[in-house]
Amino acid sequence: MDTDNKTDNHIKLRLARPEDAPRLVEIYNYYIESTTVTLECEPLGIDEFESRIRETLGEFAYIVCEYDDRVAGYAYAHKFKTRYGYRFCAELSVYADREYRRRGIGRALYAALIELLSMQGYTNLYGVVTSPNPASEALHRSFGFTEVGREHLAGHKFGEWFDVAVLEYLTPTPRDTLPESPMRFDALATDEVARVLSRQTLK
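Reading guide: rules and limits
- Residues numbered from 1 in each chain as written.
- Predicted model: local features only at pLDDT ≥ 70, side-chain atom pairs only at ≥ 80, totals over all residues.
- Heavy atoms only, no water.
- Helix = DSSP H or I, 4+ residues; strand = E, 2+ residues; numbered from the N terminus.
- Rg over C-alpha atoms; globule rule 2.2 N^0.38 Å.
- Buried < 20%, exposed > 50% of the residue type's maximum accessible area, 1.4 Å probe, protein only.
- Areas by Shrake-Rupley, 256 points an atom, 1.4 Å probe, with all protein chains shown as cover.
- Lys, Arg positive; Asp, Glu negative; His and termini not counted.
- Charge placed at Lys NZ, Arg CZ, Asp CG, Glu CD.
- Salt bridge = Lys/Arg side-chain N within 4 Å of Asp/Glu carboxyl O.
- Core = buried A, V, L, I, M, F, W, Y, C linked by side-chain atoms within 4.5 Å.
- Contact = heavy atoms within 4.5 Å.
- Axes fitted to C-alpha atoms, helices over the stretch in contact; angles between N-to-C directions.
- Parallel < 35°, antiparallel > 145°, perpendicular 65-115°, else oblique.
- Left-handed = near helix turned anticlockwise from the far one by under 90°.
- Phe/Tyr/Trp six-rings, centres within 6.5 Å; stacked < 30°, edge-to-face > 60°.
- Lys NZ or Arg CZ within 6 Å of the ring centre and 35° of its normal.
- Nonpolar A, V, L, I, M, F, W, Y, C, P; charged D, E, K, R; others polar.

J.: With reference to specific residues and values, describe the overall build of the protein chain.
T.: Across its full length, the protein chain carries five helices and eight strands. For the protein chain, the N- to C-terminal ordering of α and β elements is β-β-α-α-β-β-β-α-β-α-β-β-α. Relative to its length of 203 residues, the protein chain is compact, with a C-alpha radius of gyration of 16 Å against a globular reference of 17 Å. In terms of principal-axis extent, the alpha carbons of the protein chain reach across some 45 × 40 × 35 Å. When burial is assessed residue by residue, the protein chain has 52% of its 203 residues classed as buried. Summing over all exposed atoms, the protein chain offers an accessible surface of approximately 10000 Å²; the carbon and sulfur share of this is 48%. Positive and negative charge centroids in the protein chain, built from 25 and 32 side chains respectively, lie 3 Å apart.

J.: An account of the pattern of salt bridges is requested, with residue identities and associated values reported.
T.: Applying the stated criterion across every chain, the model contains 17 salt bridges. Across the pair E66 and K12 runs a salt bridge, and its minimum N-O distance is 3.3 Å. Of this pair, E66 sits in strand β3 (residues 62-67) while K12 sits in strand β2 (residues 11-15); the two residues are 54 residues apart in sequence, bridging distant segments of the chain. Relative accessible area serves as the criterion here: at 17%, K12 is assigned to the buried category.

J.: Can you break down the nonpolar core residue by residue, with the values?
T.: Core analysis: the largest hydrophobic core is formed by 37 residues, its most contacted members being I63, L116, L117 and L125. Looking at this core, the elements with two or more residues in it are β2, β3, β4 (70-79), β5 (89-96), α3 (105-120), β6 (124-131), β8 (160-170) and α5 (190-199). For this core, the element with the highest residue contribution is α3, accounting for ten residues. Other than its neighbours up to four places away in sequence, L117 contacts F60, A77, A90, L92, Y122 and L125.

J.: Provide a residue-level description of the packing of α3 against helix α4 (residues 134-142), including the pertinent values.
T.: Axis separation between α3 and α4 bottoms out at 11 Å; the angle between their running directions is 40°. In terms of orientation, α3 lies oblique with respect to α4. Judged by the sense of rotation from one axis to the other, the crossing of α3 with α4 is right-handed. Facing G106, R107 and Y110 of α3, the residues of α4 in contact are L139, H140 and S142.

J.: Now, about the packing of aromatic side chains: what can you tell me, with residues and values included?
T.: Under the criterion given, the structure shown has 15 aromatic pairs. Taking 5.9 Å as the distance between ring centres and 90° as the angle between the ring planes, the aromatic pair formed by F49 and Y74 counts as edge-to-face. Placement of F49 in helix α2 (residues 46-56) and of Y74 in strand β4 is noted, with a sequence separation of 25 residues between them. Residue class for Y74 comes out buried when judged on its relative accessible area of 1%. In textbook terms, an aromatic cluster arises when at least three aromatic residues are bridged by ring pairs, as seen for Y28, Y30, Y31, F49, Y62, Y74, Y76 and Y95. Seen from the ring of F143, R107 lies directly overhead, with NZ or CZ sitting 4.5 Å from the centre.

J.: Requested: an account of the environment of V164, with residues and values cited.
T.: As for its placement among the helices and strands, V164 is situated in strand β8. Classification of V164 by relative accessible area gives buried; the value is 6%. With 13 residues separating them along the chain, V164 and E151 place their C-alpha atoms 5.0 Å apart. Leave out the neighbours within four places in its chain, and V164 touches L39, V128, V129, T130, G149, R150, E151, A154 and G155.

J.: Outline the packing of α3 against α5, supporting the account with residue identities and numerical values.
T.: The N-to-C vectors of α3 and α5 enclose an angle of 155°; their axes lie 9 Å apart at closest approach. Taken together, the axes of α3 and α5 lie roughly antiparallel to each other. Along this stretch, α3 crosses α5, giving a crossing that reads as right-handed. In this structure, α3 contributes A112, E115, L116 and M119 to the contact, and α5 contributes E192, V193, V196, L197 and R199. Residues of the contact of α3 with α5, tallied by class, amount to six nonpolar, no polar and three charged.

See below:
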């Protein structure tokens, strides 16, 4: 499955490729080294990040946003919990290059990811956010996520303790007609994925 879609005169959303790893790890390592947005503490290498992309693709969407032909952010989904009974739940993550923040890139990526997960048959979507993180909390709430739990002082980084908020969104997927498990992302029709990616614009 491969889709490249220009969404307006600035951005293009497309599926990530393993060869995006050098640029994506550059974006992510900033958050590891300089922020508490992620509670990972050691910078990643390109090979490790490429492996993560490969492990995600197929079962879940992994989307990048190009802004004026430069990769400016990415978003992906993964299992929320590993027990089989949680198979209709997914966790979302999004990162924008610090030079491109506040341009609506995270919102465009999240909108596409949420729609694709709904199409796959996921019913419960989660954002796990180190608190405080006003920008991420505002992004989630703009899509209808609500805080359903808080892990008090669960994260430790840079010599400080942080709460971790769990934000939940219930998709409109009808539960009474669900198959045994959600559809794999790579089973979605390519043209349907292309339509989702092409609808997103900067807001």
